[in-house]
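Structural description and commentary
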Amino acid sequence: NMMKEYQRLAEELQAQQASMDDLIFQRKVQDLRSREESIGKFQMGVQEKVAKKKNELYTPILEQANQAVQDVSAEQGFTYVFDSAALVFAGPDGIDILPLVKAKLGIQ
């Protein structure tokens, strides 16, 4: 594990700092910085791959859900459909189309 190796080297360097030649110490510090940079690049690469895969998997689901909302809206004659997360107020006559959309998608 890169992180464990980095931590081990950092602890080792800290413990030996007092007895180490200054030039050797500076080289080891530079080596640690280089490892830290490599770890950061690796983590960014992994995060980018995860985000790409997440987008790849979610896109067809979101497209299907949006299409179901549009279909239900057209079938019911709705002009506007609001997301409950963005809704400030819903009167008693408001219609929750979630059951209709779920039925359209074949979800129980």
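Our subject is the structure listed above.
Predicted model, so just to flag it, every value in this text is computed and none were measured. (Residues numbered from 1 in each chain as written. Predicted model: local features only at pLDDT ≥ 70, side-chain atom pairs only at ≥ 80, totals over all residues. Heavy atoms only, no water.)

1. Some details on the overall build of the protein chain
Check the secondary structure of the protein chain and you find three helices and zero strands. Going from N to C terminus, the protein chain has its helices and strands arranged as α-α-α. Its C-alpha atoms give the protein chain a radius of gyration of 28 Å, more than 25% over the compact-globule value 13 Å for 108 residues. The buried share of the protein chain, reckoned over its 108 residues, is 12%. Put simply, of all contacts in the protein chain between residues at least 6 apart along the chain, 62% involve residues at least 24 apart. Within the structure as shown, the protein chain displays about 9,300 Å² of accessible surface, and the carbon and sulfur contribution to it stands at 54%. (Helix = DSSP H or I, 4+ residues; strand = E, 2+ residues; numbered from the N terminus. Rg over C-alpha atoms; globule rule 2.2 N^0.38 Å. Buried < 20%, exposed > 50% of the residue type's maximum accessible area, 1.4 Å probe, protein only. Contact = heavy atoms within 4.5 Å. Areas by Shrake-Rupley, 256 points an atom, 1.4 Å probe, with all protein chains shown as cover.)

2. A closer look at the packing of aromatic side chains
Counting across every chain of the model gives one aromatic pair. Between the aromatic rings of Tyr80 and Phe82, the centroid separation amounts to 6.3 Å while the plane-to-plane angle is 20°, which identifies the pairing as stacked. Here the two residues Tyr80 and Phe82 agree in accessibility, since each one is exposed. (Phe/Tyr/Trp six-rings, centres within 6.5 Å; stacked < 30°, edge-to-face > 60°.)

3. Focus on a nonpolar patch on the surface
A cluster of nonpolar side chains, namely Met2, Phe42, Val46 and Val50, defines an oily patch on the protein surface of about 370 Å² accessible area. Sort the elements by how many residues they give to the nonpolar patch and helix H2 (residues 22–76) lands first, with three residues. Here Met2 is to be found in helix H1 (residues 2–16). For Met2, a relative accessible area of 43% corresponds to the partly exposed category. (Patch = residues over 30% accessible without salt bridge, like charges linked within 9 Å, V, L, I, M, F, W, Y side chains within 5 Å. Salt bridge = Lys/Arg side-chain N within 4 Å of Asp/Glu carboxyl O.)

4. So, the nonpolar core
Note on soluble globular proteins: their nonpolar side chains tend to be buried together. With eight residues, the main nonpolar core is built from Tyr6, Leu9, Leu13, Met20, Phe25, Val29, Leu32 and Ile39. Of all the secondary structure elements, the ones that give two or more residues to this core are H1 and H2. For this core, the element with the highest residue contribution is H2, accounting for four residues. Excluding anything up to four places from it in sequence, Leu13 contacts Met20, Phe25, Lys28, Val29 and Leu32. (Core = buried A, V, L, I, M, F, W, Y, C linked by side-chain atoms within 4.5 Å.)

5. As for the layout of surface pockets
Size it by volume and the largest pocket reaches roughly 580 Å³. Around the largest pocket, the lining comprises 20 residues; the ones closest to its centre are Val81, Phe82, Ile95, Asp96 and Ile97. With four residues, helix H3 (residues 98–105) is the largest single contributor of residues to the lining of the largest pocket. Considered class by class, the residues forming the lining of the largest pocket number 13 nonpolar, three polar and four charged. (1 Å grid on protein atoms, 1.4 Å probe; cavity = no way out; pocket = protein on both sides within 12 Å on 5 of 7 lines; lining within 4 Å. Points joined across faces, edges and corners; volume = space filled by probe spheres on them. Nonpolar A, V, L, I, M, F, W, Y, C, P; charged D, E, K, R; others polar.)

6. Description of the pattern of salt bridges
Within the structure shown, the criterion is met by six salt bridges. Residues Lys41 and Glu37 are paired through a salt bridge, measuring 3.3 Å at the closest nitrogen-oxygen approach. Highlighted residues: Lys41 and Glu37, both in helix H2, separated by four residues, approximately one helical turn. For the salt bridge of Glu75 with Lys104, the shortest nitrogen-to-oxygen distance reads 2.5 Å.

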